[in-house]
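Overview (structure and organization)
Read off the chains here:
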Amino acid sequence: MKSLSPHNQELPPGLSRLIHNVNSKCASLKGGAELLADSPPEEAREILELMAQQAETLLEAITEYKNRQ
Amino acid sequence: MFTPKLSILVIEDDLLERKHIASHLKDHKVKFASDFDAAASKIKERNFDLCFIDLQLNENDDDYSGLKLIPLAISKGIYSVVMSGHDGGPTVARAHELGCHDFYAKGDEANSIQQVLNKFRRQQDKSKEKRLFTERFITNDPDTQSAILEALKYAPSELPILILGPSGTGKTSLAHLIHAFSLRPGPFVPINCAAYTEELLEAELFGFKKGAFTGANENRKGKLLLADEGTLFLDEIGVMSLKMQTKLLKAIEEKSFLDSLRLEEGSRLCFATEEHYRCAKQHGLDKALERFMDAIILHSLENNAKKRTHVIRELKISNWLFYQSLKRSRISNLRKRSVKSNPANNPVNVQAGLLSTKGKRDGKTNEILIPA
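Predicted, not measured: the structure shown is a model, and the values here were computed from it. (Residues numbered from 1 in each chain as written. Chains lettered and ligands numbered in written order. Predicted model: local features only at pLDDT ≥ 70, side-chain atom pairs only at ≥ 80, totals over all residues.)

With respect to the interface of chain A and chain B
Reports often express the size of an interface as the amount of accessible area lost when the parts come together. Under the convention used in this document: A pair of residues counts as a contact when their C-beta atoms, built from backbone coordinates, are separated by no more than 7 Å. Under the DSSP-based scheme used, a helix requires at least four consecutive residues in state H or I and a strand at least two consecutive residues in state E, with every element numbered from the N terminus. Think of it as three bins: nonpolar holds Ala, Val, Leu, Ile, Met, Phe, Trp, Tyr, Cys and Pro, charged holds Asp, Glu, Lys and Arg, and polar takes everything else, Gly as well.
Tallying the contact residues gives 19 residues for chain A and 18 residues for chain B. Per-element accounting of the side of chain A that touches chain B gives the leading share, eleven residues, to helix α1 (residues 13–36) of chain A. Across the side of chain A that touches chain B, the residue classes break down as seven nonpolar, eight polar and four charged.

Here's what the structure looks like:
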C-alpha cells in the first residue's frame, strides 16, 4: 500500500515501512518504559528484555534501509 | 458513578505493546490476539464491545492484514478502533472506508485509549436514547424527549419526584422509566390512591395483621415494605388526606412504622396526580409536605408545542426535597435562590441548583432555562 509523506509526496515502500517501524517500535519502547515504574522486579526484567529486543529490531530495520541507499 | 466493565479484544502482535495497552484497560475484561487467524477466531466466537486492531500484524505484513478484520468485527456489531504506527495517510483512510469507528496513532496510549472509551460510551448513550423513545416511552416530540432526558438525570438520586399531568400523558410510564434508570435493587411498586378508602389505603401502604379488620384473613406486608430499596409510586396522590400524607412521610423519614417494622434503605418515592400545580396547593398537598421538607417545585406546563426551550417544567415534573437529605443551612440557601417565572404563567420556584443544574434566566420570557 502506498504511503504519503507529510508533504503528500508518495513514499517508496521501503521508506514507508521504515517510518511505520520507527513509529510503532518507538511507541512500544515508550510504553515499556512507562510500565517499568509500577512493575515488580520480575515483571520489570521481562519488560526490559522485550524493550531490548524492540530496540534491536528497530536497529535492524534502520540498518537494512541504510544499506539499500 | 458506576461504570460497567467493557468486553474488549486487542489485536496486536507486539508483546510489549500488548502489555502497555493492558495497563490502560485494567478496569475492563480484555482478551488478546497476536495474529490474524487468532483474531478472526475470537471475533467469531465471542461478543465484544470494542476491538482494538493493529493494522500490521507481523514484520512483513505489507498488506496490512488488520484491515481485513475491520469488516469482520463490524459484522458482529463490535466497535472497531484502528491503531497504527502511521498517523494518517492511505492506510488509515482505507480503514475508515471499511467502516472503522475510530483510530489513533500509537505513541500516546494513555490519552488515546481514554478518548476512545469516552467516545464509545457517548455513542452507546446516544443509541440508548434512540431506543428509549422507540421502545420505552414512545414519543417523536423533541421537546418531550429533551424534557424526559432532563428528568432522567434525577433518576439515580434519592429525591422524591412528583409528576403532574392529565390522564393519559404517560405519568406511570415515566415513573417506571425513572425507576429503571435509578438502578435501585428493589421493585417498582405502584399504588393508585384513588382506588381505596382512607382506611384501606393505610392498610395497603403499611400492611396489616390477620383479624385487624373485617376481611383481614391473613397477615399482609404493606406496599411500603414491599418497595424497600425500590420505588414506591403513588398515583393520584392528590386524593390522599393530610393525615395520611403525614403518616407516610413520617414513616419514610424515620424508615420505620407500626412501632416495629424497619426499612432497610427505604423506598424512593414517586408521586403522580392529575391536579394542576395550583390545584395541588389548594388541596393541601403542598402544605402537608412543607411540614416535613423544603419543597422544590419546577413549574409544570400543559403540553405546549410553542415551548422550545429546554426547561424541565415541560415534562410536568415537580421535585420535592425531604429534610432528611438536606441540612437547614442548605435549605435556607435554596430559598434565597428561588426565582419566579413570568407572572403571566404560574409561579415557579426553581431551586434546581441543588441538583447541579445551572439555570439561567431567559431575558425575554423571564423563565428559567435548564441546560439540556
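Quick look at the nonpolar core
Residues and elements named next belong to chain B. Convention followed: A set of buried Ala, Val, Leu, Ile, Met, Phe, Trp, Tyr and Cys residues, joined through C-beta atoms within 7 Å, is what we mean by a nonpolar core. Burial is judged by counting other C-beta atoms within 10 Å of a residue's own C-beta: 20 or more means buried, 12 or fewer means exposed, and anything between counts as partly exposed, with every C-beta placed from the backbone.
In terms of nonpolar packing, the biggest core is built from 32 residues, with Ile163, Ala175, Leu234, Cys270 and Phe271 touching the most fellow members. Not counting residues within four places of it along the chain, the set of residues in contact with alanine 175 comprises Ile163, Phe233, Cys270 and Ala272. Counting residues in each nonpolar core, the second largest holds 30 residues, with Leu9, Phe48, Phe52 and Val82 among its members.

Some remarks on the packing of α1(A) against helix α1 (residues 15–23) of chain B
Which entries qualify depends on this criterion: To define axes, lines are fitted to C-alpha atoms, for helices over the stretch in contact only, and angles between the resulting N-to-C directions are given on a 0 to 180 degree scale. Orientation is classified from the angle alone, with under 35 degrees giving roughly parallel, over 145 giving roughly antiparallel, 65 to 115 giving roughly perpendicular, and any other angle giving oblique. When the near helix sits turned anticlockwise from the far one by under a right angle, the crossing is termed left-handed; a clockwise turn instead gives a right-handed crossing.
Relative to each other, α1(A) and α1(B) sit at 55°, their axes nearing to 9 Å. What the angle tells us is that α1(A) and α1(B) run oblique. The chirality of how α1(A) crosses α1(B) is left-handed. Residues Ser28(A), Gly31(A), Gly32(A), Glu34(A) and Leu35(A) of α1(A) form the contact with α1(B), whose own contacting residues are Leu16(B), Glu17(B), Lys19(B), His20(B) and Ser23(B). Each residue belonging to the contact of α1(A) with α1(B) can be placed in one class, and the counts come to two nonpolar, five polar and three charged.

Remarks on the confidence of the model for chain B
All names here are of chain B. Selection criterion: Predictor confidence is given residue by residue as pLDDT, running from a minimum of 0 to a maximum of 100.
The share of residues in chain B with pLDDT of 70 or more is 67%, and the mean pLDDT across the chain is 71. Mean pLDDT in chain B bottoms out at strand β14 (residues 295–296), which sits at 32, and peaks at strand β1 (residues 7–11), which reaches 96. Contacts from residues 288–362, a stretch scored under 50 in pLDDT, to residues over four places away or in other chains number 144 contacts. In this model, residues 365–372 is a region of pLDDT below 50 whose contacts with residues beyond four sequence positions or in other chains number 35 contacts.

Some words on helix α5 (residues 109–136) of chain B
Going by this rule: An expected span of 1.5 Å times one less than the residue number is assigned to each helix.
The first and last C-alpha atoms of α5(B) sit 38 Å apart over 28 residues, in line with the 40 Å expected at 1.5 Å per residue. Those residues of α5(B) that sit buried are Glu109(B), Ser112(B), Ile113(B), Val116(B) and Leu117(B). Buried residues in α5(B) make contact with α1 of chain A together with α1, β4 (79–84) and β5 (102–105) of chain B.

Digging into the environment of Ala73(B)
Residues and elements named next belong to chain B. Its location among the elements puts alanine 73 in helix α3 (residues 66–75). Between the alpha carbons of alanine 73 and asparagine 47 there is a distance of 9.8 Å; along the sequence they are 26 residues apart. Once you skip the residues sitting within four places of it in the chain, alanine 73 turns out to touch Ile43, Cys51, Ile78 and Ser80.

Here's the deal with unusual backbone geometry
Residue and element names in this part refer to chain B. Phi at glutamate 229 takes a positive value of approximately 70°, unusual for a residue other than glycine. Relative to the helices and strands, glutamate 229 resides in the loop between α9 (223–226) and β10 (231–235). Although it is not a glycine, glutamate 236 adopts a positive phi angle of roughly 55°. As for its placement among the helices and strands, glutamate 236 is situated in the loop between β10 and α10 (242–254).

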